[in-house]
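What follows is each chain in one-letter form.
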Amino acid sequence: MKKLVVGITGHRDIYEEDQFELYQVLKKLFKKLKTKYDLTVLNSLASGSDSLVAHVILDMKIKYQAILPLDLDIYQLDFDHIDRIDLYDFVNHAETAKVISKEGDHNVYYHASKYIVDNCDILIALWNGEKQELEGGTYHTINQVLEQNKKVFHIITRRKSSSFLSGNNFEVREIKK
């Protein structure tokens, strides 16, 4: 079976009440990919979208690599208590855990995003569709993948910090350059 490396990006502030539906959409998408490919997922395991994807791939027994922007002892400080427990569990179940940056590096999240972009074959993005130029953010990551002529599966996802939504919540779109 052909190998496929799937990168993950998405918002950290997704609505809790959307997580069940997003879980189902992700499960359906991964199930479809899993019938055709031997999957490995690259995931930074951040709160929100990354964490939700981690739950799905763990439940489906899909291999994944933890792509950490910082050493775990420092990275975990970005998480609340419950998310921190999940983070350690996710890292412990990962096929490998790779630390991309070190404390003091400029924009460690950009470096993690860049690693995922450069090493994935396709990207799954949980994104509201709002174009924000934050280096290492969801929109930036999508654009980097598209510049490399790779496919993006965009799952339209509401976020708490913005009322913007580019379509119907939970809709899956395929984006190509």
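Residues numbered from 1 in each chain as written. Predicted model: local features only at pLDDT ≥ 70, side-chain atom pairs only at ≥ 80, totals over all residues. Heavy atoms only, no water.

Caption draft 1: How the structure looks around the nonpolar core. Counting residues in each nonpolar core, the largest one holds 39 residues, and the members touching the most others are V6, L26, F30, L45 and I124. With 7 residues, the top contributor of residues to this core is helix α1 (residues 19–36). For L26, the residues in contact, after removing those within four places along its chain, are L52, V53, V56, I124, L126 and I155. Counting residues in each nonpolar core, the second largest holds 15 residues, with A112, A125, I142 and V152 among its members. (Core = buried A, V, L, I, M, F, W, Y, C linked by side-chain atoms within 4.5 Å. Buried < 20%, exposed > 50% of the residue type's maximum accessible area, 1.4 Å probe, protein only. Helix = DSSP H or I, 4+ residues; strand = E, 2+ residues; numbered from the N terminus. Contact = heavy atoms within 4.5 Å.)

Caption draft 2: Looking closely at the layout of surface pockets. In this structure, the largest pocket occupies an estimated 500 Å³ of space. Around the largest pocket, the lining comprises 29 residues; the ones closest to its centre are G10, R12, G136, G137 and T138. Every element with two or more residues in the lining of the largest pocket is listed here: β1 (3–10), α2 (49–59), α5 (108–119) and α6 (138–147). Here the lining of the largest pocket gets 4 residues from one element, more than from any other, and that element is α5. (1 Å grid on protein atoms, 1.4 Å probe; cavity = no way out; pocket = protein on both sides within 12 Å on 5 of 7 lines; lining within 4 Å. Points joined across faces, edges and corners; volume = space filled by probe spheres on them.)

Caption draft 3: Molecular detail of the pairing of strand β2 (residues 38–43). Burial of β2 is extensive: 5 of the 6 residues sit out of reach of the surface. Relative to β2, β1 runs parallel, the two being bridged by 5 bridges. When the sheet's bridge partners are listed, L4 is paired in β2 with L39. Handedness of the β2-α2-strand β3 (residues 63–68) crossover: right-handed. (Pairing = 2+ DSSP bridges. Right-handed = clockwise from strand over helix to strand, strands pointing away.)

Caption draft 4: Looking closely at the pattern of salt bridges. A complete count under the given rule lists 10 salt bridges for this structure. As a salt-bridge pair, E17 and R158 come within 3.5 Å of each other at their nearest N and O atoms. Placement of the pair is E17 in the loop between β1 and α1 and R158 in the loop between β6 (151–156) and β7 (172–175), with a sequence separation of 141 residues. On the basis of relative accessibility, which here comes to 27%, the residue R158 falls in the partly exposed class. When the shortest N-O distance is used, the salt bridge between K63 and D38 registers 3.1 Å. (Salt bridge = Lys/Arg side-chain N within 4 Å of Asp/Glu carboxyl O.)

Caption draft 5: View of the sheet that holds β1. In spatial order, the strands read β4-β3-β2-β1-β5-β6-β7; together these 7 strands make up an open sheet with mixed pairing. Strand pairing shows two members of the sheet lacking a second neighbour, β4 (96–99) and β7, which therefore form its edges. In this sheet, adjacent strand axes meet at a mean angle of 20 degrees when their direction is disregarded. Bridge count for β1 against strand β5 (residues 122–127) is 5 bridges, and the pairing is parallel. When the sheet's bridge partners are listed, I8 is paired in β5 with I124. Across the sheet, α1 lies against β1, β2, β5, β6 and β7, angled at about 170 degrees from β5, the strand it touches most. Where α6 meets the sheet, it contacts β1, β5, β6 and β7, and its direction lies at approximately 155 degrees from that of β5. (Axes fitted to C-alpha atoms, helices over the stretch in contact; angles between N-to-C directions.)

Caption draft 6: Representation of the side chain of S44. In this structure, S44 sits in the loop between β2 and α2. Discounting chain neighbours no more than four positions away, the residues touching S44 are D50, I67, L68, Y75, A112 and I116.

Caption draft 7: Looking closely at the environment of K27. Considering the arrangement of structural elements, one finds K27 in helix α1. Considering only alpha carbons, one finds K27 and H55, 28 residues apart in sequence, at a separation of 9.9 Å. Here K27 is in contact with V56 and M60, once residues within four sequence places are set aside.

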